[in-house]
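Structural overview
So the chains spell out like this:
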Amino acid sequence: LGGYAEVLCSTIARIAVKIIVDFTSLVQFRHPQEMGGVSLLFSLFVAMVSLPVAIEINERTNNDKVAIGLAWKVVWILVPSVLLSLVVFFVTIEKKYRG
């Protein structure tokens, strides 16, 4: 491609991956030098807590039972998936990097 096209494609790819990683909390997509340690765990915690909080706020202001029911189903799928992903991530770290 060359020049500006490479920069544009790289920027679009970076933004897409950032959105996917921040919403799904899949640590396997995160670059090793981007964020880690306490910052990463705090980010995962905020991602898992924010969706149920948003649903609770919406339940108080909105009467759409179908949408709220669907949102709770997403929570019951997303939170265990994120936790499983985190466990797999820690289990698959090579021993020389753990300590």
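The rules behind each value
- Residues numbered from 1 in each chain as written.
- Predicted model: local features only at pLDDT ≥ 70, side-chain atom pairs only at ≥ 80, totals over all residues.
- Heavy atoms only, no water.
- Salt bridge = Lys/Arg side-chain N within 4 Å of Asp/Glu carboxyl O.
- Buried < 20%, exposed > 50% of the residue type's maximum accessible area, 1.4 Å probe, protein only.
- Helix = DSSP H or I, 4+ residues; strand = E, 2+ residues; numbered from the N terminus.
- Patch = residues over 30% accessible without salt bridge, like charges linked within 9 Å, V, L, I, M, F, W, Y side chains within 5 Å.
- Areas by Shrake-Rupley, 256 points an atom, 1.4 Å probe, with all protein chains shown as cover.

One pass over the full model with this rule turns up 1 salt bridge. Glutamate 94 is the partner of lysine 96 in a salt bridge, and the nearest nitrogen-oxygen pair spans 4.0 Å. On the basis of relative accessible area, lysine 96 is assigned to the exposed category, the value being 63%.

On to the environment of leucine 41. Tracing the chain through its elements places leucine 41 in helix H2 (residues 37-61). Assessed through its relative accessible area of 42%, leucine 41 is described here as partly exposed. On a C-alpha basis, the gap between leucine 41 and leucine 86 in space is 9.4 Å, while along the polypeptide they are 45 residues apart.

The grouping of Phe42, Phe45, Val46, Val49, Val53 and Ile57 at the surface amounts to a nonpolar patch, some 540 Å² of accessible area in total. Relative to the assigned elements, valine 53 resides in helix H2.

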